[in-house]
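Residue-level structural notes
Now for the letters of each chain:
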Amino acid sequence: MTGSASDSVDDALAAIGDDPQAALEYLVPEEDGNTDEDGTWVPGQATTDRWTMLTSRDWGKHAPGLDALTAVTGAASSFRNRAPSESDPDVPVTADARATYACGRAMSYFGGEEFTKKDFTDTMKRNLAVVVANSPEEVAAAAARRSLGTGATSAGLEATDIASLIYRFGDNQDAMTTLATGLGQYHHNKLKEAMSKPDASKGSLRNTYQRAAASSSYLQTLSEFRFADDKKKDSEEQTTTVDTTLSVLNAVSAAGLTALTDEAAAFTTGSTIAKPLISSQVTDALGTSTGDPYTGLKAQSYVAGLIYGLFSTDSDKGGQRAIDTARSHSWYHEDEDGNPAIDTAALTGDQASDAVTWREDEVRNEDDLGVLNDLDTSITAGKSIGEDSAETNNGPRRT
């Protein structure tokens with residue numbers, strides 16, 4: 001590549017890092033490709049040539065070119081899972097499919113063998129966290145050992161690329177908070193979707209929380225791998241990063257992005273992440289609490305069971321119904337019609353522990369205890385699945 005051609009690439013990347021529309025058009029031009037019958041983007045030759053150029057370039061000669069390239073991919077990723085609507089009218093019809101392709105290429109490249117953790121600047125870590133945060137379906141699928149889907153795999157993405165990429169920015173608290181926020185919104189949406197169906201049941205809730213637990217454990221394990229390999233195992237930095245990641249993931253899973261204050265929400269566009277989040281702004285907005293994250297997740301699932309009416313209304317197996325024993329606790333609230341209206345995101349560390357103690361010591365009704373035990377078991381199983389996913393052959397390239 002000639003010097004002038006190299007300079008033009010650098011100039012183009014620098015100019016569009018803050019312009020999502022321009023970033024998406026640069027990486028995946030709308031006129032160069034089409035969607036197939038499954039909605040997967042099929043790129044044309046110009047797009048393929050551009051990615052070949054970008055991924056074969058000697059970036060060491062073009063510093064800080066990778067900072068600019070990752071900013072562009074992060075901006076383009078904000079079009080994932082968006083469609084034209086009254087509230088979001090400027091979104092191209094093809095945007096989601098094209099952004100999915102761009103994310104797949106970017107995660108495959110930066111999570112692949114061309115890079116190691118030492119190649120990542122802090123800016124790259126934060127920018128790439130945006131890409132992964134806007135690709136939550138692939139992260140959740142990798143954590144739960146499920147198929148990634150053709151939208152991303154057609155661009156060359158594999159589960160080990162996702163794990164490697166998260167590992168490589170897993171020591172950066174802002175990056176992990178950004179990822180936790182996007183992934184939390186995904187699980188929040190899945191919970192609402194599952195429980196709004198006419199046939200929603202305790203099985204629906206159980207499966208949703210199992211997958212949330214798998215995602216939590218997956219992120220925890222990958223981040224802990226990074227700190228261990230950097231000789232920082234059990235350091236204060238590791239503890240703070242992991243605890244913050246999981247508490248943000250749990251809080252956003254419960255409340256969604258609407259829980260963010262205006263200052264933190266300025267980093268989002270609709271339900272996607274527009275730019276790297278600042279960890280302190282997110283935690284200040286959510287009021288995330290300390291305490292074991294899986295205790296918090298279990299408490300949230302119990303409360304969700306109450307909210308969605310999954311406990312008995314007339315069972316006398318073992319005495320009082322769960323909802324009756326819950327009424328004396330500070331975390332329990334009802335609306336004006338007498339229905340449970342508990343703010344799951346507001347469960348503090350102490351309240352979460354109290355909810356777990358309530359389940360262990362006060363619930364005796366066999367029907368209700370069966371629901372709670374199922375939720376407990378599913379979260380424990382999900383935690384194990386996520387850990388195994390990060391440790392098996394789909395785990396990270398620890399380089």
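Residues numbered from 1 in each chain as written. Predicted model: local features only at pLDDT ≥ 70, side-chain atom pairs only at ≥ 80, totals over all residues. Heavy atoms only, no water.

For the rest of this paragraph, the subject is the overall build of the protein chain. Scanning the protein chain for helices and strands turns up 18 helices and four strands. Rg of the C-alpha trace for the protein chain: 22 Å, near the compact-globule value of 21 Å for 399 residues, within the 12% margin. Considered along the principal axes of its C-alpha atoms, the protein chain spans approximately 80 × 50 × 40 Å. Taking all 399 residues of the protein chain together, 54% fall into the buried category. Counting only carbon and sulfur atoms, one obtains 45% of the accessible surface of the protein chain, whose full area is about 16800 Å². Considering the protein chain, the positive charge centre built from 34 side chains and the negative charge centre built from 63 side chains are found 6 Å apart. (Helix = DSSP H or I, 4+ residues; strand = E, 2+ residues; numbered from the N terminus. Rg over C-alpha atoms; globule rule 2.2 N^0.38 Å. Buried < 20%, exposed > 50% of the residue type's maximum accessible area, 1.4 Å probe, protein only. Areas by Shrake-Rupley, 256 points an atom, 1.4 Å probe, with all protein chains shown as cover. Lys, Arg positive; Asp, Glu negative; His and termini not counted. Charge placed at Lys NZ, Arg CZ, Asp CG, Glu CD.)

To continue, consider helix α5 (residues 95–110). A rise of 1.5 Å per residue sets the reference length of α5, with its 16 residues, at 22 Å; its end C-alpha atoms lie 22 Å apart and thus fit the reference within 8%. The buried fraction of α5 amounts to 15 of the 16 residues, a majority that puts the element mostly inside the structure. (Expected span 1.5 Å × (residues − 1).)

Moving on, we come to the side chain of glutamine 238. In this structure, glutamine 238 sits in helix α12 (residues 236–255). A polar side-chain atom of glutamine 238 sits 3.1 Å from the main-chain amide nitrogen of aspartate 234. With sequence-adjacent residues up to four places away left out, glutamine 238 is seen in contact with Glu224, Phe227, Lys232 and Lys233. (Polar contact = N/O pair within 3.5 Å; in protein donor to acceptor, adjacent residues only side chain to side chain. Contact = heavy atoms within 4.5 Å.)

We now examine the side chain of lysine 125. Relative to the elements of secondary structure, lysine 125 occurs in helix α6 (residues 122–133). What lysine 125 contacts, discounting residues up to four positions off in sequence, is Phe120, Arg168, Phe169, Asp171, Asn172, Ala175 and Arg226.

Moving on, we get to the pattern of salt bridges. Taken as a whole and assessed by the stated rule, the structure comprises 22 salt bridges. Where aspartate 161 meets arginine 397, a salt bridge forms, and the shortest distance between an N and an O atom there is 2.9 Å. Pair noted here: aspartate 161 is in helix α9 (residues 159–169) and arginine 397 is in the segment after α18 (366–391), with a separation of 236 residues, a long-range link. Among the residues examined, arginine 397 registers a relative accessible area of 21% and is labelled partly exposed. Linked by salt bridges that have partners in common, Lys117, Asp122, Lys125, Asp171, Arg226 and Asp230 make up one network. (Salt bridge = Lys/Arg side-chain N within 4 Å of Asp/Glu carboxyl O.)

Attention now goes to the packing of helix α15 (residues 293–307) against helix α17 (residues 349–361). As a packed pair, α15 and α17 sit with axes 8 Å apart at the nearest point and diverge in direction by 65°. The two elements α15 and α17 cross, and the hand of that crossing is left-handed. On α17, the residues touching Thr295, Gly296, Ala299, Tyr302 and Leu306 of α15 are Ala352, Ser353, Ala355, Val356, Trp358 and Arg359. Classifying every residue of the contact of α15 with α17 by side-chain character gives seven nonpolar, three polar and one charged. (Axes fitted to C-alpha atoms, helices over the stretch in contact; angles between N-to-C directions. Left-handed = near helix turned anticlockwise from the far one by under 90°. Nonpolar A, V, L, I, M, F, W, Y, C, P; charged D, E, K, R; others polar.)

This brings us to α18. The end-to-end C-alpha separation of α18 is 37 Å, in line with the 38 Å expected for 26 residues at 1.5 Å each. Of all the residues in α18, the buried ones are Asp368, Val371, Leu372, Leu375, Asp376, Ser378, Ile379, Gly382, Ile385, Gly386, Ser389 and Ala390. Of the surrounding elements, those touching the buried residues of α18 are α7 (136–143), α11 (202–229), α15, α16 (322–326) and α17. For α18, the side-chain oxygen to backbone nitrogen distance between the N-cap and aspartate 367 is 3.1 Å, and the N-cap itself is asparagine 365.

Now for the confidence of the model for the protein chain. Of the residues in the protein chain, 95% reach a pLDDT of 70 or more, and the chain-wide mean stands at 91. Per-element mean pLDDT across the protein chain ranges from 71 in helix α13 (residues 262–265) up to 98 in α9. (pLDDT = per-residue confidence, 0-100.)

Moving on: the packing of aromatic side chains. One pass over the full model with this rule turns up six aromatic pairs. On the numbers, 4.9 Å between centres and 80° between planes, the contact of tyrosine 109 with phenylalanine 115 is edge-to-face. Note on accessibility: tyrosine 109 and phenylalanine 115 belong to one class, buried. Within the aromatic cluster, the residues linked to one another by ring pairs are Tyr109, Phe110, Phe115 and Phe120. In this structure, arginine 57 packs its charged tip against the face of tryptophan 59, placed 4.6 Å from the ring centre. Of note, arginine 398 hangs over the ring of phenylalanine 225, and the distance from its end group to the ring centre comes to 3.9 Å. (Phe/Tyr/Trp six-rings, centres within 6.5 Å; stacked < 30°, edge-to-face > 60°. Lys NZ or Arg CZ within 6 Å of the ring centre and 35° of its normal.)

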